[in-house]
Amino acid sequence: MDAAPRSPLAVLVATVRREKQGVLATTAADGAPEAALVGIAALDDGTLVVNAPASARKVANLRHEPRVALVVGTGAVRSLQIEGVAEVLDGDARIRLGAAYDAQYPGSRSLADGFVVIAIHPRWLRDYDVERAPCAIESVLSTP
């Protein structure tokens, strides 16, 4: 249990770095949902970074509809529900965030040919923690 309340940003970054993966939900052009287990890196500013083969359904989905949902932590005690906006990166942003992903996941293929780097900017977070009262805490994030 936490000794003192932490900011939503601190909770987001610490939880993602601890859990290292989550389920990313996207929406296809025809409205069909798609969910995939992905590795997730967290930057200090709350930006989340994932990578994927360029041919993955999630990449096509994000090019059509950038809004996403993530669940990080599937244990009985704590999980985060995150909603945000994703962008498939190119140029310097791809290199910079791909390197940040690789720093948290050595050996990753983020910057390899045929892979894309995706930045997710969280806009809403629900921190579900049954060891704390109240169990569910909603916080609005305004991460740039």
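See the structure printed just above.
Reading guide: rules and limits
Residues numbered from 1 in each chain as written. Predicted model: local features only at pLDDT ≥ 70, side-chain atom pairs only at ≥ 80, totals over all residues. Heavy atoms only, no water. Helix = DSSP H or I, 4+ residues; strand = E, 2+ residues; numbered from the N terminus. Buried < 20%, exposed > 50% of the residue type's maximum accessible area, 1.4 Å probe, protein only. Contact = heavy atoms within 4.5 Å. Areas by Shrake-Rupley, 256 points an atom, 1.4 Å probe, with all protein chains shown as cover. Pairing = 2+ DSSP bridges. Phe/Tyr/Trp six-rings, centres within 6.5 Å; stacked < 30°, edge-to-face > 60°. Core = buried A, V, L, I, M, F, W, Y, C linked by side-chain atoms within 4.5 Å. Salt bridge = Lys/Arg side-chain N within 4 Å of Asp/Glu carboxyl O.

Caption draft 1: Focus on the overall build of the chain. Along its length, the chain carries 3 helices and 8 strands. Going from the N terminus to the C terminus, the chain shows its helices and strands as α-β-β-β-β-α-β-β-α-β-β. Each of the 144 residues in the chain was classed as buried or not, and the buried ones make up 42%. Looking at the chain alone, contacts between residues at least 24 apart form 62% of all its contacts between residues at least 6 apart. Just so you have it, the chain exposes about 7500 Å², and 56% of that area is on carbon and sulfur atoms.

Caption draft 2: Structural detail: the pairing of strand 2 (residues 33–39). A one-sided burial pattern is seen for strand 2, the buried positions being Glu 34, Ala 36 and Val 38 and the unburied ones Pro 33, Ala 35, Leu 37 and Gly 39. Here strand 1 (residues 21–27) pairs with strand 2 via 7 bridges, running antiparallel. Bridge pairing links Val 23 to Leu 37 in strand 2.

Caption draft 3: Structural view of the packing of aromatic side chains. Under the defined criterion, the tally for this structure stands at 1 aromatic pair. Taking 4.7 Å as the distance between ring centres and 25° as the angle between the ring planes, the aromatic pair formed by Tyr 101 and Tyr 105 counts as stacked. Here Tyr 101 matches Tyr 105 in class, with each residue buried.

Caption draft 4: Structural detail: unusual backbone geometry. The backbone phi angle of Lys 20 is positive, close to 70°, even though this residue is not glycine. If you trace the backbone, Lys 20 turns up in the loop between helix 1 (8–19) and strand 1.

Caption draft 5: A look at the nonpolar core. By size, the foremost hydrophobic cluster in this structure holds 25 residues, and its most contacted members are Ile 40, Leu 48, Ile 82, Ile 118 and Ile 120. Where this core is concerned, the elements lending two or more residues are helix 1, strand 2, strand 4 (48–53), helix 2 (57–64), strand 5 (67–72), strand 6 (78–88) and strand 7 (115–129). Setting aside residues no more than four positions away along its own chain, Ile 118 makes contact with Leu 48, Val 49, Val 50, Ala 52, Val 59, Leu 62, Ala 86, Glu 87 and Val 88.

Caption draft 6: Local environment of the pattern of salt bridges. One pass over the structure, following the stated rule, counts 4 salt bridges. A salt bridge links Asp 44 to Arg 17, with the nearest nitrogen and oxygen atoms 2.8 Å apart. With Asp 44 in the loop between strand 3 (41–42) and strand 4 and Arg 17 in helix 1, this residue pair connects regions lying 27 residues apart in the sequence. Under the relative-accessibility criterion, Asp 44 is labelled exposed at 61%. Here Arg 57 makes a salt bridge to Glu 34, at a shortest N to O gap of 3.5 Å. A residue pair is termed long-range when its members are at least 10 positions apart, and Arg 57 in helix 2 and Glu 34 in strand 2 qualify at 23 residues. Judged by relative accessible area, Arg 57 falls into the exposed class, the value being 56%.

By themselves, these figures tell us nothing about what the structure is for.
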